[in-house]
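Inside the fold
Read off the chains here:
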Amino acid sequence: MTADGNGSAFGSRIRKEDARFVRGLGKFVDDVVLPGMLHGAMLRSPMAHARIVSVDVSAALAHPRVKTVITGEMLAERGMAWMPTLSYDQQAVLATDKVRFQGQEVAFVVAEDRYAARDALELIDVEYEPLPAVVDAHQALAPDAPVIRDDRPGQQDNHIFDWESGDAQRVAEVFAEADVVVEQDMLYPRVHPAPLETCGIVADMDPVSGRLTVWSTAQAPHAHRSLYAQLTGIPEHRIRVIANDIGGGFGNKVGVYPGYVCAIVASMITQQPVKWIEDRAENLMSTAFARDYHMRGEIAARSDGTILGLRVRVLADHGAFNATAQPSRYPAGFFGVFTGSYDLQAAHCSVTGVYTNKAPGGVAYSCSFRVTEAVYLVERMVDLLACELDMDPAELRMRNLIRPEQFPYDTATGWRYDSGDYPRALAKLLDMAGYHDLRAEQAAKRERGELMGIGLSFFTEAVGAGPRKHLDMYGFGMADGAELRVHPSGTAVLRVSCMSQGQGHETTFAQLVANELGIGVDEVDVVQGDTDHTPFGVGTYGSRSIAVSGAAAVTVARKVREQARLIAAAMLEADPEDLEWGDGRWYVRGVEGAGHTLAEIARAAHADIDLPDGVDGQLAASTVYNPPNLTFPFGAYLCVVDVDPDTGQVTVRRFVAVDDCGVRINPMIVDGQIHRGLADGIGMALMEHIAFDADGNHLGGSFMDYLLPTALECPSWELGETVTPSPHHPVGAKGIGEAATVGSPAAVVNAVMDALRPCGVRHADMPLTPAAVWRAIQGRALRSDLAIR
Amino acid sequence: MQVPAQFEYERATSVAHAVDLLVKYNGAGRVIAGGHSLIPMMKLRLARPEVLIDINEVGELAGIVRDGDELRIGALVRHNELLDSAEAAQLFPILVDAERVIADPIVRNRGTVGGSLCQADPSEDLSAAFSALRADAVIQGPQIRRTVPIRDFFVGPYETVVGPDELLVELRVPVRPGSGSAFVKVSRRAGDWAVGAVGAAVWLAGDVITEIGIGLSALGAQNFVAVEAEDFLRGRVVSAEAFAEAGRIAAEHCDPPVDQRGPADYKRHLAATLVARSLTLASHRAGREV
Amino acid sequence: MDITVTVNGRQYRRTIEPRVLLAYFLRDELGLTGTHLGCDTSNCGACVVWLDGLPVKSCTVLAAMADGKQVRTVESLARNGQLDPVQQAFIDCHGAQCGFCTPGMLMTARWLLDRDPDPSEERIREAISGQLCRCTGYENIVRAIRRAAELSNTADDDGSSAALAGEQRDEVAS
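Calculation criteria
Positions within a chain are numbered from 1, following the residues in the order the chain's sequence is written. Chain letters and ligand numbers both follow the written order, the letters beginning at A and the numbers at 1. Local features in this predicted model are restricted to residues whose pLDDT is 70 or higher, and side-chain atom pairs enter the listing and the counts only when it is 80 or higher, whereas totals over whole chains, interfaces and linings include all residues. The side-chain figures draw on all heavy atoms in the structure; neither hydrogens nor water molecules are used. UniProt positions are given in the numbering used here, feature names are shortened, and annotations may be inferred rather than shown by experiment. Contact definition: two residues touch when any of their heavy atoms are within 4.5 Å. Defined here as a combined quantity, buried area equals the accessible surface (1.4 Å probe) lost by two parts on assembly, summed across both. Whenever Lys or Arg places a side-chain nitrogen within 4 Å of a carboxyl oxygen from Asp or Glu, that contact is recorded as a salt bridge. Where helices and strands are cited, they refer to DSSP runs of H or I of at least four residues and of E of at least two residues respectively, numbered from the N terminus. Gly is placed with the polar residues, together with every amino acid not listed as nonpolar (Ala, Val, Leu, Ile, Met, Phe, Trp, Tyr, Cys and Pro) or charged (Asp, Glu, Lys and Arg). For helices, the axis comes from a line fit to the C-alpha atoms of the stretch in contact; other axes are also lines fit to C-alpha atoms, and the angle between any two N-to-C directions lies between 0 and 180 degrees. Throughout, a crossing is termed right-handed when the near helix is turned clockwise from the far one, and left-handed when it is turned anticlockwise from it by less than a right angle. Here pLDDT means the predictor's own confidence in every residue, given as a number from 0 to 100. Residues adjacent in sequence count toward polar contacts only when both atoms are side-chain atoms; beyond that, a polar contact is any pair of N or O atoms within 3.5 Å, and within protein one must be able to donate a hydrogen and the other to accept it.

Chain C carries the name (2Fe-2S)-binding protein in an unreviewed UniProt entry, which gives Thermocrispum agreste as its organism. On record in UniProt, under Pathway (unreviewed entry), the comment for chain C is "Alkaloid degradation; nicotine degradation."

As structure tokens, this is what we get:
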């Protein structure tokens, strides 16, 4: 299974985390209670775009249980009214000049309890002078559009960036040769990761030591520490960021939010701990949203179905501040992988980012830095091409998939896919699903006027960022540290920079180390999410934990095993070169069964034997893993839906998913990650989205309006797998955190469009609500970014 | 997370006590039962009652009983109690159909029939269901106990005829032979409010519709009912054509609100579709296939 | 106002503001932080506890309404160090990921199994349909509840909460 470890610690097993979770003993940020702790509440703008005339907090300050009220003006005096974003823009911590989206932070009340803090918000008097709002991204660059970011010197319009990838000239050539060109506008609507736990913080500034301790929902604790240091002037070594248990993240908890900064400032001012926990409306209205990509795709092919080229134009709505959390040289994230899983000759995309009067964000919700948008685009285009050519979409895909012998495969837009056997995965999917029977059933139903749809999607993920040379987050190269200590008894503690939000790192990472050292999984504890006790790294998002930190863990374990070899050699009075590792022991070649286990070697390392050169005593090592390339998990998905033509209701009857994420360390956890992403696909395809009315009012600010799928909308997922190891990951793993979220929405939409084919429907945008489906059948599709009129 | 503004709390022990408290607070008191509409609105500070009068302990308001030719459903009956009631299921399957799709099982443990009706949300499923059944509402005031047809109960969105010193006590649903009823709903997701929902009750003599009730929820029907469609059907023989025409008439006379659940044309279409479907199912349950 | 609530068999007397929600009463006053809050609109179900034997969304119940009543939270499921079958099944089947929805799911699962010891998959999905999970796609929660049914049906002990009422102690903790 692996090059060096024997794989015995891999496999499904009980998660270490669950013992506390099933007892209600998880430690989430809102469970942190400190003596003298105060509570913060945020006043937010009711308007999408308005000039602030005045902010009067005197009545709130007069509330007997209010300790302080922080305003933008107060922050400005400290040079903290604005904070840098991960995209090198600035974002208002508390508004000083204008508010630029509904829900923007205006003032922060600190009181003795949550009730007084909330009550005092109503005592703050803010006078606004309303300004026209930019709501429709397509109007953002109109010459008469109001300029949102007049805080930026020289900014005369709402343009953020233009970015392109691929060879436009070459694309023009292949399009000219093509027998058929299909084009389609499509919107990947604004959605929200909506982890069940909202964001929050407890900030505790110790006035004596000058140390700041922060408990927060941080997917990237080290990056948060660095940003806090930059912002507050507190030296980095005096800041400790602790993320205990996190109740789901999905990219929502990567960035630093104004509420965090305000709680820190409040603790600095009051010299007491300050807790701030978002409510659900705040979470949905102000924190990192996802997608909002307005795309035009064009696909060119020969009449036999050979795909020649792909051209994409994107208008990217980034909201009021450019705060996308992605590698800084990639303003459109990894959208450049939009050629997907197909071997085509030429491709080109151009992306224009614009400001609108909406919340900032864009890269979140398990999007793998916008691979979601890319996969959705290409998988819709391939289906549209199949429709145009009247070809079976499975057959069209099979014809164009990259062949196994082409790996490593260099795409037309400059990505090197590491490994894959795509036709095998697709064939397995079709077999598991009973594809031909499904098509026969569909044909019979169509005869009777019933609408049944079968949707396919084949995706290639791009995960595990770095390498650091090309990929950085806010200047931090995307490489991650790991430290491993083996105690005298042979048990071990691994310290990693990534941070689980439910992915089970405590278990999987222990398995990785146990596998290398030949000790029990229970004999390895994993420390994460505490900057005082873990090495630096950029955190968990983009499915990078196993691909980067996991590789770091294996690497550091192998380092320790090499130390153990030297010590074992001394113990055995043998040449280290004559030793072999097997069955959890170092032994002299040829005498299996003898030799020493790690526990014996660890004991010796701490004892009085003469240590060889190059060993300091004790077994411990650290490393920083800089991945040589991304890893490219892939998969083939199939969705079966039934559509009621009179009501537009869609029922997902089956969902079959074949995933290849390389070597599976804990298959139980891998399956669980896939289940989640498949449910995301149901959610996004059928119900989730955030629209805005003409005034910029957010129309999805609660779970009554922002709908998430329940157990009743989700079918029982049918999973299959193939295993194509990554050639460059130390155990051949690729990462699985976001694959299903990336791959599933297109399968659901393709299924619904397939069902609606007899009605003459070619495309309709997500979410395919009953109204949207019915309107599509009528030939009058709804726009899902704007209020229904 | 959000917390409500301050209020005073009183726990009523009887209907008389509840009414006394309403009188005592002279319009400032608001009755709370399950609280699943009111408390979220209070948390979001869209509602700010000065005094909450908790009627959860008022035993007189509980229970579902057959009383002669009426089924009496106490205002404090929880949704799940109605859903699980064999008597209600046998007499009025429309109520079970509706309850099965109201909110979710946990909310239904707490939310009450009376609370849902008094909230008078234009999307309330039970308002359409009881209107279709032509139920009566029994209301207790300081002096008198009055009975109001449910079709006269709703004054407008979030408004009923229940006065500031009155309390809804129970619903009385007439039991008549030859009946069939059904409720159909389209929502964006389980537990969501209706995009549109229709309840239908038919009373048949042979094939002939002797009385009819069609209740519409979330579709902008005056007082939740499709009177014109009912008038059209009364006295007719059940048929798919008649039901389709009733649907068309109901759609023509409703005025659906435009919101994120759908545009008006879709909801109007839904009214027509669901009226016909609910009538077909109700008729089937009354023993007549169309 | 003063209220007396029996939580997990133990009686607590507290002075509270009427506006205190039951969920916050449990968390802030009693330190029972297994009950979570995920929304403000009674949609997510992270806060499900039992009130007089019925699961309710405790963010939408006033603590005042629980005066004189029995409340049961996730912290009561394990007895004498022995996990309830639903807890064990959630471990066995990977029914928890981030752990935030888990307590509410467990409380509903226990209630369902007390009423229906052998629920179908459909019944299980219906029972948890008022509770959101963002991690599991529900699959392993459904499997866990099925497994708990099997565990309970094979165990001598009924694994249920029936004994709890009898165990109530009149100790006033404050």
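Glancing now at the interface of chain B and chain C. In this assembly, 34 residues from chain B lie in contact with 36 residues from chain C. When chain B packs against chain C, close to 2700 Å² is buried across both sides, 60% of that on carbon and sulfur atoms. Counting every contact that joins chain B to chain C gives 3 salt bridges. Among the ionic pairs, Lys 69 of chain C bridges to Glu 57 of chain B, the shortest N-O distance being 3.1 Å. Taken together, the elements giving at least two residues each to the side of chain B that touches chain C come down to strand 1 (8-11), helix 2 (38-43), strand 3 (51-54), helix 3 (79-84) and helix 6 (105-110) of chain B. Top element by residues in the side of chain B that touches chain C is helix 6 of chain B. It accounts for 6 residues. The residue inventory of the side of chain B that touches chain C, partitioned by class, reads 15 nonpolar, 8 polar and 11 charged.

We now examine the packing of helix 9 (residues 371-389) of chain A against helix 10 (residues 393-400) of chain A. All names here are of chain A. For the pair helix 9 and helix 10, interaxial distance at closest approach is 9 Å and the crossing angle is 115°. Along this stretch, helix 9 crosses helix 10, giving a crossing that reads as right-handed. Residues Glu 379, Val 382, Asp 383, Leu 385 and Ala 386 of helix 9 form the contact with helix 10, whose participating residues are Pro 393, Leu 396 and Arg 397. Here the residues of the contact of helix 9 with helix 10 are counted per class, giving 5 nonpolar, no polar and 3 charged.

A few words now on the confidence of the model for chain C. All names here are of chain C. Of all residues in chain C, 89% have pLDDT values of 70 or greater, and the mean over the chain is 91. In this model residues 158-174 is a low-confidence stretch, pLDDT under 50, and it forms 34 contacts with partners more than four residues away in sequence or in other chains. Our summary of model confidence lists the complex with pTM equal to 0.97 and ipTM equal to 0.97.

The next subject is the interface of chain A and chain C. You'll often see interface size given as the accessible area lost when the parts meet. With 52 residues of chain A at the interface, the matching set in chain C holds 49 residues. Here chain A meets chain C over a buried area of about 4100 Å², counting both sides, of which 57% is carbon and sulfur. If you look at where chain A meets chain C, you find 6 salt bridges. The residue Asp 30 of chain A makes a salt bridge to Arg 27 of chain C at a minimum N-O spacing of 3.5 Å. Between chain A and chain C we count 20 residue pairs in polar contact (both at pLDDT 80 or more) in total. For the side of chain A that touches chain C, the secondary-structure elements that each account for two or more residues are helix 1 (18-21), helix 4 (114-121), helix 8 (280-286) and helix 16 (667-686) of chain A.

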